[in-house]
Amino acid sequence: TLHAAVSKQLEGLDQDQEVKDAAIATMGVLLSLAGDTCADLVPSSCTVLLDRLRNEITRVAAVRAFTQVAASPLGLPLDGVIEPLRGELCAY
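Residues numbered from 1 in each chain as written. Predicted model: local features only at pLDDT ≥ 70, side-chain atom pairs only at ≥ 80, totals over all residues. Heavy atoms only, no water.

Summarise the overall build of the protein; cite the residues concerned and give the values.
Helix and strand counts for the protein come out as 5 helices and 0 strands. What you see in the protein, going N to C, is helices and strands ordered as α-α-α-α-α. In terms of overall dimensions, the protein is globule-like: its C-alpha atoms have a radius of gyration of 12 Å, near the 12 Å expected for 92 residues. Judged by the C-alpha coordinates and their principal axes, the protein covers about 35 × 30 × 15 Å. (Helix = DSSP H or I, 4+ residues; strand = E, 2+ residues; numbered from the N terminus. Rg over C-alpha atoms; globule rule 2.2 N^0.38 Å.)

Shown next, in the form of structure tokens:
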């Protein structure tokens, strides 16, 4: 599936920065537009995005991805990441 392919790239640690940023951006778009079709994968995907937010190198891309996901009209369940996300964003 598309989600599996993006997740593989997103979770990879030995990739060029451009690939990492593209994977983060793609996951943001995927979740914001089709998160309801893979609702069971949203929490784990958001957890990985949160990990990328904690990394200084991938932080900006992760903030953009979360912005897309939060603005999605799908009303995705973000309860599990809201508090840690708020803490990370307020720390900078």
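Tell me what's going on with the packing of helix α2 (residues 17-34) against helix α3 (residues 42-53), and back it up with residues and numbers.
At a closest axis distance of 11 Å, the pairing of α2 and α3 adopts a crossing angle of 145°. The chirality of how α2 crosses α3 is left-handed. In this structure, α2 contributes I24, M27 and L31 to the contact, and α3 contributes V42, S45, C46, L49 and R52. Among the residues forming the contact of α2 with α3, the class breakdown is 6 nonpolar, 1 polar and 1 charged. (Axes fitted to C-alpha atoms, helices over the stretch in contact; angles between N-to-C directions. Left-handed = near helix turned anticlockwise from the far one by under 90°. Contact = heavy atoms within 4.5 Å. Nonpolar A, V, L, I, M, F, W, Y, C, P; charged D, E, K, R; others polar.)

Any chance you could break down the side chain of R52 for me, citing the residues and the numbers?
As for its placement among the helices and strands, R52 is situated in helix α3. Look at R52: it is buried, it has no salt bridge, and the nearest opposite charge is D51 at 4.9 Å. Look past the residues within four positions of R52 in its chain and what remains in contact with it is L10, E11, L13, I24, T58, R59 and A62. (Buried < 20%, exposed > 50% of the residue type's maximum accessible area, 1.4 Å probe, protein only. Lys, Arg positive; Asp, Glu negative; His and termini not counted. Salt bridge = Lys/Arg side-chain N within 4 Å of Asp/Glu carboxyl O.)

Give a detailed account of α2, specifying residues and quantitative values.
Here α2 is 18 residues long and its end C-alpha atoms lie 25 Å apart, about the 26 Å a rise of 1.5 Å per residue gives. Every buried residue of α2 is listed here: A23, I24, M27, G28, L30, L31 and S32. Elements that come into contact with the buried residues of α2 comprise α1 (2-11), α3 and α4 (59-71). (Expected span 1.5 Å × (residues − 1).)

How would you explain the pattern of salt bridges if you had to name every residue and give the values?
Side chains bearing opposite charge may pair, as long as their charged atoms lie close to each other. Evaluation of the coordinates by the stated rule reveals 3 salt bridges. Residue D51 is joined to R54 by a salt bridge in which the shortest nitrogen-to-oxygen separation is 3.4 Å. Sharing partners across several salt bridges, the network here consists of D51, R54 and E88.

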